[in-house]
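Fold and contact review
So the chains spell out like this:
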2 protein chains.
Amino acid sequence: MTAPQTSWIDSANDGQTHFPLQNLPYGVFSVKGQSPRVGVAIGDQIVDLAALDDAGLLPAAAKGTFAGTTLNRFIALGKPTWTETRKRLTALLSGEDAALRDNAALRDKALVPMSAAALHLPVDIPGYTDFYSSKEHATNVGRMFRDPDNALLPNWLEIPIGYNGRASSVVVSGTTLHRPNGQIKLPNEARPVFSACRKLDFELEMGFIVGKESALGEPVSTADAPAHMFGMVLLNDWSARDIQQWEYVPLGPFNSKGFGTSISPWVVTMDALEPFRRDNPEQSPQPLAYLQQQDRNAYDIALEVALQPEGAPAPSTICRTNFKAMYWTMAQQLAHHTVSGCNVRVGDLMGSGTISGTTPDSYGSMLELTRNGAEPVTLADGSERAFLQDGDSVIMTGYCQGEGYRVGFGTVSGKILPAR
Amino acid sequence: MTAPQTSWIDSANDGQTHFPLQNLPYGVFSVKGQSPRVGVAIGDQIVDLAALDDAGLLPAAAKGTFAGTTLNRFIALGKPTWTETRKRLTALLSGEDAALRDNAALRDKALVPMSAAALHLPVDIPGYTDFYSSKEHATNVGRMFRDPDNALLPNWLEIPIGYNGRASSVVVSGTTLHRPNGQIKLPNEARPVFSACRKLDFELEMGFIVGKESALGEPVSTADAPAHMFGMVLLNDWSARDIQQWEYVPLGPFNSKGFGTSISPWVVTMDALEPFRRDNPEQSPQPLAYLQQQDRNAYDIALEVALQPEGAPAPSTICRTNFKAMYWTMAQQLAHHTVSGCNVRVGDLMGSGTISGTTPDSYGSMLELTRNGAEPVTLADGSERAFLQDGDSVIMTGYCQGEGYRVGFGTVSGKILPAR
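Residues numbered from 1 in each chain as written. Chains lettered and ligands numbered in written order. Predicted model: local features only at pLDDT ≥ 70, side-chain atom pairs only at ≥ 80, totals over all residues. Heavy atoms only, no water.

A tally of regular secondary structure across chain A gives 10 helices and 26 strands. A compact globule built from 420 residues would reach a C-alpha radius of gyration of about 22 Å, and chain A, at 22 Å, matches this within 12%. For the C-alpha atoms alone, the extent of chain A along its principal axes is close to 70 × 55 × 40 Å. Counting every position in chain A, which comprises 420 residues, the buried fraction comes to 63%. In chain A, 70% of the contacts between residues at least 6 apart in sequence involve partners at least 24 apart. Taking the average location of the 34 positive side-chain charges in chain A and that of its 44 negative ones, the two points are 3 Å from each other. (Helix = DSSP H or I, 4+ residues; strand = E, 2+ residues; numbered from the N terminus. Rg over C-alpha atoms; globule rule 2.2 N^0.38 Å. Buried < 20%, exposed > 50% of the residue type's maximum accessible area, 1.4 Å probe, protein only. Contact = heavy atoms within 4.5 Å. Lys, Arg positive; Asp, Glu negative; His and termini not counted. Charge placed at Lys NZ, Arg CZ, Asp CG, Glu CD.)

Next up on the list: the environment of Leu 417 of chain B. All names here are of chain B. With respect to the helices, strands and loops of the structure, Leu 417 is situated in strand 26 (residues 406-417). By relative accessible area, which is 23% here, Leu 417 ends up partly exposed. Not counting residues up to four positions away in its chain, the partners in contact with Leu 417 are Thr 176, Leu 177, His 178, Arg 179 and Asp 390.

Residues and elements named next belong to chain B. Most of helix 9 (residues 330-339) is tucked away: 10 of the 10 residues are buried. Those residues of helix 9 that fall on the buried side of the exposure criterion are Met 330, Ala 331, Gln 332, Gln 333, Leu 334, Ala 335, His 336, His 337, Thr 338 and Val 339. Positive backbone phi, approximately 110°, marks Gly 341, located one or two places after helix 9.

Residue and element names in this part refer to chain B. The sheet built from 5 strands is open, its strands ordered 9-26-25-20-21 with mixed pairing. This sheet does not close on itself; its edge strands, each paired only once, are strand 9 (177-178) and strand 21 (316-322). Taken together, the 6 bridges between strand 20 (residues 302-308) and strand 21 define a ladder with antiparallel strand orientation. Following the sheet pairing, Leu 307 is matched in strand 21 by Ser 316. (Pairing = 2+ DSSP bridges.)

So, on to the interface of chain A and chain B. Contacts between the two partners involve 61 residues from chain A, matched on the other side by 61 residues from chain B. When the buried surface of chain A facing chain B is broken down by residue, Arg 166, Leu 251 and Phe 254 of chain A rank first, second and third, together holding 15% of it. Counting the contacts that link chain A with chain B gives 6 salt bridges. Arg 420 of chain B is paired through a salt bridge with Glu 218 of chain A; the nearest N and O atoms lie 3.6 Å apart. (Buried area = accessible area lost by both parts, 1.4 Å probe. Salt bridge = Lys/Arg side-chain N within 4 Å of Asp/Glu carboxyl O.)

This part takes up the sheet that holds strand 2 (residues 37-42) of chain A. Residues and elements named next belong to chain A. With respect to topology, 5 strands assemble into an open sheet ordered 4-3-2-1-5, the strand pairing being antiparallel. The sheet terminates laterally at strand 4 (111-113) and strand 5 (118-120), the two strands that pair on one side only. Ignoring which end each strand starts from, the neighbouring axes of this sheet average 45° apart. Note that strand 1 (residues 26-30) and strand 5 share 3 bridges and pair antiparallel. Within the sheet, the bridge partner assigned to Phe 29 lies in strand 5 and is Leu 119. Its contacts with the sheet place helix 3 (residues 79-94) against strand 1, strand 2 and strand 3 (45-48), and it is angled at close to 65° to strand 1. (Axes fitted to C-alpha atoms, helices over the stretch in contact; angles between N-to-C directions.)

Once that is clear, we can look at the UniProt feature "domain: Fumarylacetoacetase N-terminal" (unreviewed entry) in chain A. What UniProt calls "domain: Fumarylacetoacetase N-terminal" (unreviewed entry) maps, in this numbering, to residues 22-122 of chain A. Taken end to end, residues 22-122 of chain A comprises 33% helix and 21% strand; its first and last C-alpha atoms sit 20 Å apart. (UniProt positions renumbered as here; feature names shortened; annotations may be inferred.)

Glancing now at the UniProt feature "binding site: substrate" (unreviewed entry) in chain A. UniProt's entry tags Tyr 132, Arg 146, Gln 244, Tyr 248 and Thr 354 of chain A with the feature "binding site: substrate" (unreviewed entry), counted in the numbering of this structure. Those annotated residues that line the largest pocket are Tyr 248 of chain A. Positionally, Tyr 132 of chain A belongs in the loop between strand 6 (128-131) and helix 5 (135-145). A relative accessible area of 8% places Tyr 132 of chain A in the buried class. Ignoring anything within four residues of it in the chain, the contact list for Tyr 132 of chain A reads His 137, Ala 138, Val 141, Arg 146, Trp 156, Ile 161, Ser 352 and Gly 353 of chain A together with Pro 250 and Leu 251 of chain B. Among the polar contacts made by the side chain of Tyr 132 of chain A, one reaches the side chain of Arg 146 of chain A at a distance of 3.5 Å. Checked against the element boundaries, Tyr 248 of chain A lands in the loop between helix 6 (241-247) and helix 7 (255-258). Overall, the relative accessible area of 12% leaves Tyr 248 of chain A in the buried class. Within the structure, Tyr 248 of chain A has its side chain in polar contact with the side chain of Arg 146 of chain A (distance 3.3 Å). (1 Å grid on protein atoms, 1.4 Å probe; cavity = no way out; pocket = protein on both sides within 12 Å on 5 of 7 lines; lining within 4 Å. Polar contact = N/O pair within 3.5 Å; in protein donor to acceptor, adjacent residues only side chain to side chain.)

Copy one and copy two of the chain differ by a rotation about a common axis and a shift along it. When chain A is fitted onto chain B, the two copies agree to an RMSD of 0.0 Å after a turn of 180° and an axial shift of 0.0 Å. Each copy turns onto its partner about a two-fold axis. Scanning chain A for the C-alpha nearest the rotation axis identifies Gly 252 of chain A, at a separation of 2.1 Å. Mapped onto chain B, 100% of the interface residues of chain A are again interface residues, and the two copies thus contact each other with one and the same surface. (Least-squares fit on C-alpha atoms with pLDDT ≥ 70 in both.)

It is worth spelling out the side chain of Thr 65 of chain A at this point. All names here are of chain A. Position of Thr 65 among the secondary structure elements: in the loop between helix 1 (49-54) and helix 2 (72-75). From its side chain, Thr 65 meets the backbone oxygen of Ala 62 in a polar contact 2.6 Å long. Aside from chain neighbours lying at most four places away, what touches Thr 65 is Val 38, Asp 53, Arg 73, Phe 74 and Leu 77.

Time to look at the packing of aromatic side chains. Residue and element names in this part refer to chain A. Evaluation of the coordinates by the stated rule reveals 24 aromatic pairs over all chains. The interplanar angle of 80° and the centroid separation of 5.0 Å between the aromatic rings of Trp 82 and Phe 230 together place this pair among those described as edge-to-face. Placement of the pair is Trp 82 in helix 3 and Phe 230 in strand 14 (residues 229-236), with a sequence separation of 148 residues. For the pair Trp 82 and Phe 230, one class covers both residues: buried. By the ring-pair criterion, three or more aromatic residues cluster together here, those being Tyr 26, Phe 66, Phe 74, Trp 82 and Phe 230. Across the ring face of Tyr 399, the terminal group of Arg 406 is positioned such that the distance to the ring centre comes to 4.0 Å. (Phe/Tyr/Trp six-rings, centres within 6.5 Å; stacked < 30°, edge-to-face > 60°. Lys NZ or Arg CZ within 6 Å of the ring centre and 35° of its normal.)

Our next topic: the state of the cysteines. What the rule picks out here adds up to 0 disulfides over all chains. Counting only cysteine sulfurs, Cys 342 of chain B is the nearest neighbor of Cys 197 of chain A, a cysteine outside any disulfide, at a range of 15 Å. According to the relative accessible area criterion, Cys 197 of chain A is buried, its value standing at 3%. (Disulfide = S-S within 2.5 Å.)

What follows is the structure, encoded as structure tokens:
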């Protein structure tokens, strides 16, 4: 094992931080009295890229794109500029280029303690699509909501099933959400009731951010798909199960999902994830030609979900799983999304679908963990949960384990407030 | 019958034009050598609002919002400014205020023949939602695709069913679309095939444009909903029926719809539609409280669909229906959309769902008109159509009949090119 390259920012080198030199995820932050701007996380610090840009230390191609309130302008510049900027930042933060390290005035200006910053939604999201790509999740849901003996629908093994989600209500980690109201059909009642959701759930997902637009009528192949991806985030697809069950036939989930979707503030680039590509899962039957792929498109990302009741001293981990188990890859999702001619845009968010593994402690939703509420999970403080209660916080985290370092996503968290 | 108020622009006064003084719909247009800007249609002319604004003839509150490439900045100003601008334009175009009529230089600058202008997508659409609000359409579809004896699903009479559509592929009238490719499951085949769509269809719809944002977690009531609507357009929800049938369970239509949605270029304001409000359709059972409405939210809009094969001398009308027959109103749609806490944004497009009447010639899709292809329609040139063929143009039109004038929507048209 060779020691990983280190940064002159000590907190980046402890082997535990999610933000070592090898990561350099992009986000949008603000500190008191300043407008939001683009930054990169390193250890417990944020590097203010607008400040580095002003000092002339970033690629000319990216000039002026870091002072805005979203990453979109930078992302739109395309992969060569992403890669060039990453190289420059690696040089500056390793000290190979001493221009930042040895300039005290610039350091004061450009380094912000993460604890002093507010993190904002990093991307303006023109479209949000949510897939359904875990075979275990689709099977678990099918077993509970449809036919236990034919849990997986016939189209599932042929199509990376997905649907259009609601982009307006995608929020950044830390945003509180009110328990949604809606129509619920109770057993033995002829008509639905209007009620606060009684089966509020999370879904552990990841999402990728589209980095390159495609034109209407021009599909993106699985081979070209990786070049259309800028990076990834953690995603919590909050779900109102009782509203969902009543509304979803025949046009899919709507109010059960549209009240809020949370993403992590740091976008981890595909460049940073490159060392963690793995062999694709075996697919049987072999997909139709347009879904076949030559690249390794799976990623080894360890994931956890924790639940913390209001006032509890610590969160309780209730799920541990890994992104590499997903049946359909992101390249297949994008190829399928565009094969009809549908265009994608810079900043589009594509959710993976709930990430569930094969063991009962690896399921990515309360619905599956508790078998639709029948077998509540027990938390560290002794309390039980069938579904989420008011005051509960859900905290998701994930990282790739390198040799002596972790490329991590930080967390996506959210707290549930009572229904209005 | 009193004679309607007229304009000094003669073509606005013939009683047949869709764009009399009573309409004044907003759009975005360009002429050679100029950037797109906001205009208003009157007779066979477009009034360049950027030019009128430069001349100081429009409300100060709207200053500077007409030179952009979309209506969003103007719409975001809110209803009092929409109404004030409409009043100003009515005064200027009736001649009650002679500032435009009597200024030859300004007329030259501000009046553009519609025939010389290109019309653009009028609105930047952050979110597109499509409802399913015609009882006749839902019944017809349920009969063909599901159970003929229980065609209407149990939730349909309780919920204004809708789903999130794909905003990126909403295009303006006149945009050609390639026939989509995708997965089709043929009877008696074990696996799907990849193929060009064989059951390409249109859906006659209307859509409203959201004019006022709502905050996450804050529902819009049916009473407040009309104030959140800026105006309406014609909408063709192109549909690939064979792709749809295979993909839509359990998360709804995706590739079967996402390859393109066409809207008309002129947004007819709710102010212009005010005289055409009608009593709401009777709803049984009475909806839950949050869906009940006191206002008259139905609108009397006569609609037609015509089909014109490549090279045919004229279009053939294949459907005549009326928007007033819709079971769920736009106010109910918006109230339902937001009742969970989902937020809406200025420019959001909300499609009505296919508008079908009770008689076989009033169905708003080929699927219904031909009973899923079993009974083709015969066109004026003697050719038959089960579904759309390459080269076919679909032309939708609609208007409200006033006393001596029509408030019309112009057309939304689109032509199908061969699959790639």
